[in-house]
Amino acid sequence: MILKQRFRWQSAGSSVLFAANIFILFLLIFNNLVVLPPWLQVLGRMHPLLLHFPIVLIIIAGVLTFIRLREPAAESWKQQLTAVLLLAGALSAAVTVIMGLFLSKEEGYNGSGILQWHKWSGVSMFWLASALYWLGQSAVPRPMLQKGGVVITMLLLVVTGHFGADITHGENFVLAPVTPAGKGAQVPFDQALVYEHLVKPILEEKCMNCHNAGKAKGELAMDLPQQLLKGGKSGKLFVAGKPEVSLLLERLHMPLDAKKHMPPAGKPQLTPEEIELLYYWVKAGADFKTKVAALPVHDSLRLLAAALLQPAAKAEPVYDFSAADEKLVQKLNNNYRVVYPIALHAAPLIVNCYNKDQFNSKAIEELLPLKKQIIEMHLQKMPVQDADLKTIAQFEQLRVLNLSFTNLKGQTLAALAGLPHLESLSLSGTPITLAQLQALKKAPALKELYVWNTALSAADLQQVQASFKQIAVIKGFMDDGKQPLKLNQPQLLNTAMIFNNRMELLLKHPIRGVEIRYTTDGSAPDSANSPVFKDSLLLEGSTTIRAIACKPGWYASDPVQYSFYRSSYTPDSVVLLTQPNGTYAGSGAKTLMDWQKGGLDQGNGKWLGYNGTALEALLLFKKAVPLQNVSVGILRNINGYIFPPAKVEIWGGADAQHLKLLKRLLPAEGKKDDPAAAMNMECAFPVTTLSCVKVVLTPVQKLPLWHPGKGSPGWVFADEVLFN
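Quick caveat, the model's predicted, so the values are computed rather than measured. (Residues numbered from 1 in each chain as written. Predicted model: local features only at pLDDT ≥ 70, side-chain atom pairs only at ≥ 80, totals over all residues. Heavy atoms only, no water.)

Trainee: Quick question: what am I supposed to make of the overall build of the protein chain here?
Mentor: Summing up its helical and strand segments, the protein chain has 17 helices and 24 strands in all. Taking all 724 residues of the protein chain together, 42% fall into the buried category. Taking contacts inside the protein chain between residues at least 6 apart in sequence as the whole, the part at least 24 apart equals 65%. When the accessible surface of the protein chain is summed, it comes to about 38900 Å², and 58% of that surface belongs to carbon and sulfur atoms. (Helix = DSSP H or I, 4+ residues; strand = E, 2+ residues; numbered from the N terminus. Buried < 20%, exposed > 50% of the residue type's maximum accessible area, 1.4 Å probe, protein only. Contact = heavy atoms within 4.5 Å. Areas by Shrake-Rupley, 256 points an atom, 1.4 Å probe, with all protein chains shown as cover.)

See the structure below:
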């Protein structure tokens, strides 16, 4: 009876499979004529959900095909199971294929490229699985044909899955980890193209999983430059030269929770550097063929590229000259000149000159016997004259020449243009002119030119930058009054943040003429109305200082905030009745009275951490003290599972056996968006003379439902107990 019922179900399944083949063939033939109602679109979108079922079933059936059992009964049972699995796999593959064909009708997909490969490989796999099932039901067994069909089906499964991953996650998603050569960062700087090796990899990684030839959401594909220029349903993707009105940058800068923000929330987002690179690419004209090395040296796009691209492989310099006589080198070393090799036993030499009172033209002429070995000459702040450049021009192997703050007038700069290997020249602090610098354009190897603090005006420097496009012109900062600088923050000289009765607060600023303005009421200080800090400020109670630095012609500094705490009494000893958890043991019991605040880092060894168990501590005074306030420092870090305590209790009395409750606090529960903060729990009560104080901090027993650790116990952290 059971056998008949199984054959009845298998026969019905075989009929359904045949019908599914006909229906899929119909959908393929009349694809362009089919219009789907909305409820079938919902069914189509379940394609990614169900596609794993046929994969698993067909793979298991394929593996069983290659297994042979010795017992005839067991072999018969295995063949029946294989047939059932193949039928179930083929039927679920039919449903998956139908859903996929429905899904491909939606906006954002088209009939070309990867989608076509995915569709036809999936359909072929389904047809082959159906054929394998029917082949297994034939009267004449064909084991070799079945095994060959299983192998081909497995290969089609892999191919179909690969193309499906490319549609949903972007081209080459599966093989990307083992084929990294296409990434821009692998391209040497001097070979890189701005679009191909910088912009395109960003689009491929962050955008093309939804905007590609097979899945063009919003009718936008990004595979090819012409597709980027065409844009999508919402219009042009960008306006060359105008990033501020370009749709691409507009969508990237929308709030993450905005519906039109791209990429959508939950997808990998672009980094600030990637957004900046796209901005400058569009601003530069969004050209698809520009080489990075062709951009001006100080161009923002080039600077960003330099940080992202692999620098050009720099060949080790080859020096085709022999080493100088060591005795001669030693002879030329004296108390105002040092000559030494760049490395032990190396031929190239470096010269440094000191003591300008003993320096003259002869100091350079004496080095001429080494003119074929000296590659660097540092003559900064020496009284070098224009006439000396003719002598320096004879040092044919020079790579680096520093003439900063010398007596040069620039009249003979042309002599240096003949040095074939000169790469770096510093003329800072000399009265050179724009016309004199033009002679250096003929220097064949020059890469760096230092001209800060010279007689060149801002306009001259712009012309120099324009004239020496492939040379880095280092011009330094020029204070023309139009670009005020921001002051750095006031500096705190006090080392302790906790004091007994009073404390003298000391603030300073390293720049002369700077005023320090401050507030003590929590308001933001300003440069006009806030009081001016004079030498010091006497603190007599717990105070929070906010201060800024101000000076005419400068931007005010960012505000800085310091909190100081008064503790009129210090316990003579502390005993922990319960022990902290894990590594959050601080310095043991003295953590509560070492006058060190823990800050926001719970792992810095200045906090006691408790989880599931309440913090209980006794603080003892040898001599009774009158108290009316006990303040306990706590930490709040919601993401770190650290919540305000559920309950704070302060007990007090003459000794540990005679305590009474002085204050109980039930702090507000931590909320999802509460920022991390170190704070104090202030417990005030009528003045009471005490020798023993017991502090109890009870942690949250169950974290709220909105928290990732919902239901588990929270942590409570404490750092300092203050008595007033």
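Next comes the rest of the description.
Trainee: Help me understand the pattern of salt bridges, please; the structure alone is not making it clear to me.
Mentor: Any two side chains of opposite charge can pair, so long as their charged atoms come close to each other. Inspection of every chain in the model, using the stated rule, returns 10 salt bridges. For the salt bridge of Lys200 with Glu196, the shortest nitrogen-to-oxygen distance reads 3.7 Å. Taken together, the residues span about one helical turn, with Lys200 and Glu196 both in helix α8 (residues 194–206) at a distance of four residues. Judged by its relative accessible area of 33%, Glu196 is partly exposed. Residues joined in a network through salt bridges with shared partners are Lys647, Glu649 and Arg664. (Salt bridge = Lys/Arg side-chain N within 4 Å of Asp/Glu carboxyl O.)

Trainee: Can you walk me through the packing of aromatic side chains in this structure?
Mentor: Aromatic rings considered in pairs are described by the distance between their centres and by the relative angle of their planes. Scanning all chains against the criterion turns up 14 aromatic pairs. When the ring of Tyr584 is compared with that of Phe717, the centres are 5.0 Å apart and the planes differ by 70°; the resulting orientation is edge-to-face. Placement of the pair is Tyr584 in the loop between β18 (573–576) and β19 (608–611) and Phe717 in strand β24 (residues 715–723), with a sequence separation of 133 residues. A residue is classified by how much of its surface remains accessible, and Tyr584, at 23% relative accessible area, is partly exposed. Plain terms: the ring middles of Trp715 and Phe717 are 5.8 Å apart, the flat faces sit at 40° to each other, and that makes the pair tilted. (Phe/Tyr/Trp six-rings, centres within 6.5 Å; stacked < 30°, edge-to-face > 60°.)

Trainee: I would appreciate a short explanation of the environment of His197 in the present structure.
Mentor: Its place among the elements puts His197 in helix α8. Taking relative accessible area as the criterion, His197 reaches 18% and is therefore assigned buried. Sequence separation between His197 and Leu309 is 112 residues, and the spatial gap between their C-alpha atoms is 8.4 Å. One polar contact links the side chain of His197 to the main-chain amide nitrogen of Leu193, over a distance of 2.9 Å. (Polar contact = N/O pair within 3.5 Å; in protein donor to acceptor, adjacent residues only side chain to side chain.)

Trainee: Please clarify how the pairing of strand β16 (residues 543–550) should be interpreted in this entry.
Mentor: Consecutive side chains of a regular strand alternate in pointing toward one face of the sheet and then the other. Within β16, six of the eight residues are buried, which leaves it mostly tucked inside the rest of the structure. Of the pairings in the sheet, the one linking strand β14 (residues 515–519) to β16 comprises five bridges and is antiparallel in character. Among the inter-strand pairings, Glu515 is bridged to a residue of β16, identified as Cys550. Bridge analysis of β16 against strand β17 (residues 560–566) gives five bridges, and the strand direction is antiparallel. (Pairing = 2+ DSSP bridges.)

Trainee: Got a minute to help me understand the sheet that holds β14 in this structure?
Mentor: The strands making up a sheet associate through hydrogen bonds between their backbones, and the pairing can be parallel or antiparallel. The strand order β11-β17-β16-β14 describes an open sheet built from four strands, whose pairing is mixed. Strands at the two margins of the open sheet, each flanked by one partner only, are β11 (498–499) and β14.

Trainee: Help me out: how do you make sense of helix α17 (residues 458–467) in this one?
Mentor: Residues three or four positions apart in an α-helix share a direction because the helix packs 3.6 residues into each turn. Along α17, the positions that sit buried rather than exposed are Leu461, Val464 and Gln465. In a view along the axis of α17, the buried residues occupy a sector of 100°, so they form one face of it. (Arc of directions from axis to C-beta.)

Trainee: How do you make sense of the packing of α8 against helix α11 (residues 272–283) when you look at a structure like this?
Mentor: Helix-helix packing is described using two parameters, namely the angle between the two axes and the distance between the axes. Viewed as axis vectors pointing N to C, α8 and α11 meet at an angle of 130°, and their least axial separation amounts to 11 Å. Classified by the angle their axes make, α8 and α11 are oblique. Relative to α11, α8 is oriented so that their crossing is left-handed. Residues Val194, Tyr195, Leu198, Val199, Ile202, Glu205 and Lys206 of α8 lie in contact with α11, whose contacting residues are Glu274, Leu277, Leu278 and Trp281. For the contact of α8 with α11, the residue count by class is eight nonpolar, no polar and three charged. (Axes fitted to C-alpha atoms, helices over the stretch in contact; angles between N-to-C directions. Parallel < 35°, antiparallel > 145°, perpendicular 65-115°, else oblique. Left-handed = near helix turned anticlockwise from the far one by under 90°. Nonpolar A, V, L, I, M, F, W, Y, C, P; charged D, E, K, R; others polar.)

Trainee: Got a minute to help me understand the sheet that holds strand β9 (residues 472–474) in this structure?
Mentor: Taken together, the seven strands give an open sheet; going across it, the order is β3-β4-β5-β6-β7-β8-β9, and neighbouring strands pair in mixed fashion. A single partner strand is all that each edge strand has here, and the edge strands are β3 (337–341) and β9. Looking at each pair of strands side by side, their axes are set apart by 10° on average, direction ignored. Summarising the sheet, β3 and strand β4 (residues 349–353) pair through five bridges and their orientation is antiparallel. Bridging across to β4, Val338 finds its partner in Asn352.

Trainee: What is the right way to look at the side chain of Asp388 in this model?
Mentor: You can see Asp388 is positioned in helix α15 (residues 388–392). The side chain of Asp388 is buried and forms no salt bridge, while Lys390, the nearest opposite charge, is found at 10 Å. Here Ser361 takes part through its side chain, which lies 2.6 Å from a polar atom of the side chain of Asp388. Setting aside its immediate chain neighbours within four residues, Asp388 contacts Ser361, Ile364 and Pro383. (Lys, Arg positive; Asp, Glu negative; His and termini not counted.)

Trainee: I'm lost on the packing of α11 against helix α12 (residues 300–308) in this one. Help?
Mentor: Two elements in contact, α11 and α12, have axes whose closest approach is 9 Å; the angle formed by their N-to-C orientations is 145°. When the axes of α11 and α12 are compared, the crossing they make is left-handed. Between α11, through Glu276, Leu277, Tyr280 and Trp281, and α12, the contact on the second element is made entirely by Ser300, Leu301, Leu304 and Leu308. The class makeup of the residues in the contact of α11 with α12 is six nonpolar, one polar and one charged.

Trainee: Got a minute to help me understand unusual backbone geometry in this structure?
Mentor: The phi dihedral of Ala286 is positive, around 50°, even though this residue is not glycine. Here Ala286 shows up in the loop between α11 and α12. On the basis of relative accessible area, Ala286 is assigned to the buried category, the value being 5%. A positive phi is found at Lys381, a non-glycine position, where the angle reads about 65°. Topologically, Lys381 is positioned in the loop between β5 (374–378) and α15. Residue class for Lys381 comes out exposed when judged on its relative accessible area of 56%.

Trainee: Even after reading the chapter, I still don't get the nonpolar core, so can you show me in this structure?
Mentor: The nonpolar side chains of soluble globular proteins are, as a tendency, buried together. With 45 residues, the main nonpolar core has Ile392, Leu403, Leu416, Leu425, Leu427 and Leu437 as its most contacted residues. Elements that contribute at least two residues to this core include exactly α13 (326–332), β4, α14 (361–365), β5, α15, α16 (434–437) and α17. The element that contributes the greatest number of residues to this core is β4, accounting for three residues. Beyond its immediate chain neighbours, meaning those up to four positions away, Ile392 contacts Ile364, Met377, Leu379, Leu398, Leu401, Leu403, Leu416 and Leu419. (Core = buried A, V, L, I, M, F, W, Y, C linked by side-chain atoms within 4.5 Å.)

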